[in-house]
Amino acid sequence: CFNYVARIEDFELPFWPVSMRGEAFFVFTEFGTIHIDPLRRFSGQAVQWAKTQVKEGAVGRAIYNFRMPTHLCFAIALVDDLDEETKQAIHTINPFDHALDLMWYEVPMVYELNQAQLHFYDQPSGFLENFKGEVAWRALRKVASELLAGGKF
């Protein structure tokens, strides 16, 4: 079902006023082409799968370490090329509008192989978007940029 999967246990994400801690899953699947609706479905399937894989006791470890228990699922679609309309949608449509779970952060992304470019929500489309999880998105974008786009993963 998924081509590649990676996991980081006890992943900590700085978040004001208290850090989040849990497991981070990176789920990669190859697609011939992709648009926003299939990306959402893939991302949702990745989160559902990750929920079955999280280790027992992860929440307890987070609380024990005075962290907010939170798990992350980065669903990365791999495609050769991405059309401009889909790129724009990925960058400007807040995924929290479609899926929100306080214990799980679902982060849909597309890696465009021919351009060696990672696409994810990074351009709030308006002033009100700044009130829809933008504090969390700042931290999630940093993870995406450093781990995935920076080639450190």
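Read on for an overview of the structure. Just so it is clear, the structure is predicted and the values come from calculations on it, not from any experiment.

Rules and cut-offs
- The written sequence of each chain sets the order in which its residues are numbered from 1.
- For a predicted model such as this one, the threshold for reporting local features is a pLDDT of at least 70, and the threshold for listing and counting side-chain atom pairs is 80 or more; totals across whole chains, interfaces and linings nevertheless cover every residue.
- Think of the side-chain values as coming from all heavy atoms in the structure, minus any hydrogens and water.
- Throughout this description, the term salt bridge denotes a Lys or Arg side-chain nitrogen within 4 Å of a carboxyl oxygen of Asp or Glu.
- By the criteria applied, helices consist of DSSP H or I runs no shorter than four residues and strands consist of E runs no shorter than two, each listed in order from the N terminus.
- Think of it in three bands: residues with accessible area under 20% of the maximum for their type are buried, residues over 50% are exposed, and the middle band is partly exposed, with areas taken using a 1.4 Å probe on protein chains only.
- Residue contacts are defined here by distance: any two heavy atoms, one from each residue, within 4.5 Å place the two residues in contact.
- Within 3.5 Å is the distance limit for a polar contact, defined as a pair of N or O atoms, with the added protein rule that one can donate a hydrogen and the other accept it, and that residues adjacent in sequence qualify only through two side-chain atoms.

1. Here's the deal with the pattern of salt bridges
- Within the structure shown, the criterion is met by 4 salt bridges.
- In this structure, the salt-bridge partner of Lys87 is Glu84, at a minimum N-O distance of 3.3 Å. Taken together, the positions of Lys87 and Glu84, both in helix 3 (residues 84–92) and 3 residues apart, correspond to about one turn of that helix.
- Accessibility expressed as a relative area gives 58% for Glu84, which makes it exposed.
- One salt bridge connects Lys87 with Glu112, and the closest N-O pair in it is separated by 3.4 Å. Of this pair, Lys87 sits in helix 3 while Glu112 is found in strand 5 (residues 104–112), placing the two residues 25 residues apart along the sequence.
- A relative accessible area of 2% means that Glu112 is categorised as buried.
- Each of Glu84, Lys87 and Glu112 takes part in a single network of salt bridges with overlapping partners.

2. Quick notes on the environment of Val143
- With respect to the helices and strands, Val143 occurs in helix 4 (residues 134–149).
- For the pair formed by Val143 and Leu13, sequence separation is 130 residues and the distance between their alpha carbons is 8.3 Å.

3. A short note on the environment of Val107
- With respect to the helices and strands, the residue Val107 is situated in strand 5.
- Through-space distance from the C-alpha of Val107 to that of Asn94 is 9.8 Å; in sequence the pair is 13 residues apart.
- Val107 has contacts with Ser43, Cys73, Phe74, Ala75, Trp137 and Leu140, leaving out every residue within four places of it along the chain.

4. As for the side chain of His119
- The topology assignment puts His119 in strand 6 (residues 117–119).
- Here the side chain of His119 touches His91 through a polar contact of 2.8 Å, side chain to side chain.
- For His119, the residues in contact, after removing those within four places along its chain, are Leu82, Lys87, Ile90, His91, Met109, Val110 and Glu112.

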